[in-house]
Amino acid sequence: MITFQLENQTWFGFRMSLRTLLVLVGTAMTVYSEKHSLTYIYTAFSKPVGLPGLHEFTAMGLLDNRMIDYFDSDNQEKVPKQDWMREHLEKEYWEKGTQSRKSKQQWFKVNIDILMKRMRQNGT
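Computed from a predicted structure; not experimentally measured.

Participant: What exactly am I supposed to notice about helix H3 (residues 91–118) here?
Facilitator: Residues that lie three or four places apart on an α-helix share one face, since the helix turns once every 3.6 residues. With 28 residues, H3 extends 41 Å between its outermost C-alpha atoms, agreeing within 8% with the 40 Å of an ideal straight helix rising 1.5 Å per residue. Among all positions of H3, only Trp94, Gly97, Thr98, Arg101, Gln105, Ile112 and Met116 are buried. Tucked into the core, H3 has its buried residues touching strand S1 (38–44), strand S2 (57–63), strand S3 (66–72), strand S4 (79–80) and helix H2 (83–88). Looking one or two places after H3, you find arginine 120, whose phi comes out positive at around 60 degrees.

Below, the structure is given as structure tokens:
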């Protein structure tokens, strides 16, 4: 009987240690992990507006609600809006990003035209 209790306590002690370790690791991961949000906002008009600051197409990236990059139809270039992005990302990243934004601009233009025709808008 004594031997059985000793073995039972040893097994229970190991099991408690493992459970305690898992709780501590889970807590540490929760404490040290951060959640971030990445959002892209695209704005497109059916025709040029002709007002300062309003472009036919605008795209911006937001990380945790802070603007990180920007593109508009007048400048036709994706540019960094945070110093850390400017310092750490290569020129190729911005060139590919510019091409991607130009493609999105064209996609929006085509689909706005389709939508206007389907809704019988005459473009005035």
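On we go.
Participant: I tried to follow the pattern of salt bridges on my own but got confused; where do I start?
Facilitator: It is possible for side chains of opposite charge to pair when their charged atoms get near one another. Considering all chains together, one arrives at six salt bridges under this definition. Aspartate 83 is the partner of arginine 86 in a salt bridge, and the nearest nitrogen-oxygen pair spans 2.8 Å. Placement of both arginine 86 and aspartate 83 in helix H2 is noted, with a separation of three residues, approximately one turn of the helix. One network of salt bridges, with partners in common, ties together Asp69, Lys78 and Arg101.

Participant: Would you explain the sheet that holds S2 in this entry?
Facilitator: Sheets are built from strands that pair by backbone hydrogen bonding, the pairs being arranged parallel or antiparallel. The four strands lie next to each other as S1-S2-S3-S4, forming an open sheet whose pairing is antiparallel. Every other strand in the sheet has two partners, leaving S1 and S4 as the edge strands with one partner each. Bridging between S1 and S2 involves seven bridges; their strand directions are antiparallel. By the bridge assignment, leucine 38 is partnered in S2 with leucine 63.

Participant: It is not clear to me how the side chain of arginine 101 should be interpreted in this structure. Could you clarify?
Facilitator: Within the fold, arginine 101 resides in helix H3. Every residue in contact with arginine 101, bar those within four places of it in the chain, is listed here: Tyr40, Tyr42, Phe57, Ala59, Met60, Gly61, Asp69, Tyr70, Phe71 and Lys78.

Calculation notes
- Residues numbered from 1 in each chain as written.
- Predicted model: local features only at pLDDT ≥ 70, side-chain atom pairs only at ≥ 80, totals over all residues.
- Heavy atoms only, no water.
- Helix = DSSP H or I, 4+ residues; strand = E, 2+ residues; numbered from the N terminus.
- Expected span 1.5 Å × (residues − 1).
- Buried < 20%, exposed > 50% of the residue type's maximum accessible area, 1.4 Å probe, protein only.
- Contact = heavy atoms within 4.5 Å.
- Salt bridge = Lys/Arg side-chain N within 4 Å of Asp/Glu carboxyl O.
- Pairing = 2+ DSSP bridges.

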